[in-house]
Each structure stands twice: as C-alpha cells, then as structure tokens.
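Coordinate analysis (summary)
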Amino acid sequence: MVRNIEFSERQEQIIEIVKETQPISSENIANKLNLNRSTLRPDLSILTMSGILEARPRVGYFFTGRTSLNLVSEKINKILVEEIQSVPVVLDESTSIYDAIVFMFLEDIGSIYITDNGFLSGVVSRKDIIKTAIGKIDLYKTPIGFIMTRMPNIIHIDPKETVINAAIKLIDQEIDSLPVVKKYNEDTIKYKVVGRITKTNITNLFVELGTEE
Ligand code: ADP
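Everything in this summary refers to the structure shown in the same document. (Residues numbered from 1 in each chain as written. Predicted model: local features only at pLDDT ≥ 70, side-chain atom pairs only at ≥ 80, totals over all residues. Heavy atoms only, no water.)

This brings us to the packing of aromatic side chains. Given two aromatic rings, one states the distance between the centres and the angle between the planes to describe the pair. Considering all chains together, one arrives at two aromatic pairs under this definition. With a centroid separation of 4.5 Å and 25° between ring planes, the pair formed by tyrosine 98 and tyrosine 140 is classed as stacked. Linking tyrosine 98 in helix H6 (residues 97–107) with tyrosine 140 in the loop between helix H7 (126–132) and strand S6 (149–150), this pair joins segments that are 42 residues apart in sequence. By relative accessible area, which is 35% here, tyrosine 98 ends up partly exposed. Relative accessible area serves as the criterion here: at 58%, tyrosine 140 is assigned to the exposed category. Ring plane angle 65° and centroid distance 6.0 Å describe the contact between phenylalanine 119 and tyrosine 184, whose orientation is recorded as edge-to-face. One end of the pair, phenylalanine 119, is in strand S5 (residues 119–125); the other, tyrosine 184, is in strand S7 (residues 177–185), and 65 residues separate them in sequence. For phenylalanine 119, a relative accessible area of 13% translates into the label buried. (Phe/Tyr/Trp six-rings, centres within 6.5 Å; stacked < 30°, edge-to-face > 60°. Helix = DSSP H or I, 4+ residues; strand = E, 2+ residues; numbered from the N terminus. Buried < 20%, exposed > 50% of the residue type's maximum accessible area, 1.4 Å probe, protein only.)

As structure tokens, then:
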C-alpha cells in the first residue's frame, strides 16, 4: 500500500541538484554535497525506489517530475472498490418496515439494500424510515418495498471500479453508501448485490493511507 513519503533534508537537496543539472552521476551529486558516493547510496536508492528519481545506467540520475503528492494520488487511483468493500446487507422487498428497522439496529447500518427475487430493487436509508414516522403507515403490515428508493434510480458501482469513482458518486449524489453489484443480462439488465461501500470504508482507507509506516 501507500507509504508516507517524507524525505530527509539531504534527500531534498539531492532532488534539487538533480532537477538543476540532470542527467547527473552519483559522483557529481556527491561532489556537490561534499560527501562520498557510498554515503549517498542509501538516499539515492530511496529516491529511485519511490519514483522521484530515475537512474539510467551510464547516463546518470533524472528527475521524473513526480512529487510525493502526485505519487500518493497515483496510488489512490489504483485502489479498487473490491479491495475495501464491506459485506452486503440485504432484505427482500416483502419484509415489513418494522422488521427492517430491527434489522437496521441489529446490523448497526444506516442503509439496507432491497432485493426482489435476489436482484437489487431498491435502497432504504435512515431518512426513509424516519419519514414513515410522520405518516400513518402500519409498520407491521407495510412492506419495506413501499418506502424504498427504487431502481432504476439506484446509484451502484462495480467491484472493479476505483474507490475514487465511488467517492465521487457518493459526493455528487449526496448519499452515504453504494451497493456494489455484478451485472446479469437476462431479458432486462439485473444486478446482484455483492457488497457495499460506505463513507466509513473510505474514511478507514484514508486513515490507513495516512498512518501506514
Ligand atoms: P440518510 O438517510 O442517512 O440521509 P442517505 O443520504 O444515504 O442516508 O439517503 C438519502 C436518500 O437517498 C434516501 O431516500 C435513500 O433511499 C436514498 N439513497 C441512499 N443510497 C442510495 C443509492 N445508492 N442510490 C440511490 N438512492 C439512494
């Protein structure tokens, strides 16, 4: 995964020297810093391994143009939904609203994905449930399908899409979670729920990226 890229003062000096006089040999870098080559070797390997410098045999060191910040964003852009998704939490459309509320508490989740014959048909969130409190709905008799947000209005994501795409969908649509789905082509397109990705998954990833040694 991504490492914290924090360079020492000497490594920063090396980057500056290479930027100014590339291509430059390790010997010339060492001369400019009044050090010997072997002292510089560990710094140069850190800088090449992290992608900031490129070493071409018999030519010297080049600056790749990458900063530590865009290296991090390059890494983040490669993380896929399937790497951080949680298990799906689903109920059938026919479940009563009352049972769905109990389920929401037991599972400690904010949204439930609803299925019809095993395929995604809707989403029910806390707000949808709260709305029923201001109506005159019988929570024991009314099926959850009655109050859910329905397909085709459900925003979903494929496990092979990037986490960045998931985050963009969450922000654009002002929602808390996305069902992770696999597409099935029958008479019409249908989706099986294989996971869920929430703002919490993404916050956890953010913490992991920011604290990893
Ligand atoms: P909360 O109820 O905590 O505000 P959301 O912001 O996720 O949770 O939900 C707001 C509304 O958007 C609800 O009506 C819910 O049914 C709907 N919704 C939630 N997730 C999705 C989704 N992935 N696609 C479409 N609508 C959604």
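Another point: helix H8 (residues 163–173). When H8 is considered as a whole, its buried residues turn out to be Val163, Ala166, Ala167 and Leu170. Angular distribution of buried residues about the axis of H8 spans 100°; they occupy a single face of the element. Count one or two residues on from H8 and you reach glutamate 174, which has phi positive near 55°. (Arc of directions from axis to C-beta.)

As summarised here, the arrangement of the four strands in space is S3-S4-S5-S6, forming an open sheet in which the pairing is mixed. Both outer strands of the open sheet, strand S3 (90–92) and S6, are each paired with one neighbouring strand and no more. Relative to S6, S5 is paired through two bridges, and the arrangement is antiparallel. Across the sheet, valine 123 pairs through a bridge with threonine 149, a residue of S6. Along the sheet, H6 contacts S3, strand S4 (111–116) and S5; its crossing angle with S4, the most-contacted strand, is approximately 130°. (Pairing = 2+ DSSP bridges. Contact = heavy atoms within 4.5 Å. Axes fitted to C-alpha atoms, helices over the stretch in contact; angles between N-to-C directions.)

Counted residue by residue, S5 has six buried out of seven residues, so it is predominantly covered. Relative to S5, S4 runs antiparallel, the two sharing six bridges. Each residue of the ladder has a partner; that of serine 111, found in S5, is serine 125. From the end of S4 to the start of S5, which pair antiparallel, there are two residues, and asparagine 117 there has a positive phi angle of about 55°.

Let's shift gears to the pairing of S4. Extensive coverage of S4 is indicated by the burial of five of its six residues. Note that S3 and S4 share three bridges and pair parallel. Bridging from a neighbouring strand, leucine 91 pairs with isoleucine 114 of S4. On the question of chirality, the crossover connecting S3 to the parallel S4 by way of H6 is right-handed. (Right-handed = clockwise from strand over helix to strand, strands pointing away.)

Among the nonpolar cores identified, the biggest contains 16 residues, and Ile14, Ile29 and Leu53 are the most heavily contacted of them. Mapped onto this core, the elements with two or more residues apiece are helix H1 (9–21), helix H2 (26–32) and helix H3 (37–49). Looking at this core element by element, the count peaks at four residues for H1. (Core = buried A, V, L, I, M, F, W, Y, C linked by side-chain atoms within 4.5 Å.)

Residues spaced three or four apart along an α-helix point in a common direction, a consequence of the helix completing one turn every 3.6 residues. Relative to the 18 Å expected for 13 residues at 1.5 Å per residue, H3 spans 18 Å between its end C-alpha atoms, a close match to the ideal helical length. Taking the largest bend as the criterion, H3 deviates by roughly 25°, centred on aspartate 43. Every buried residue of H3 is listed here: Leu40, Asp43, Leu44 and Leu47. As for H3, its buried residues are in contact with H1, H2, strand S1 (53–56) and strand S2 (60–63). Positive phi appears at glycine 51, one or two residues downstream of H3, with a value of about 90°. (Expected span 1.5 Å × (residues − 1). Bend = angle between axes of the 7 residues up to and from the residue.)

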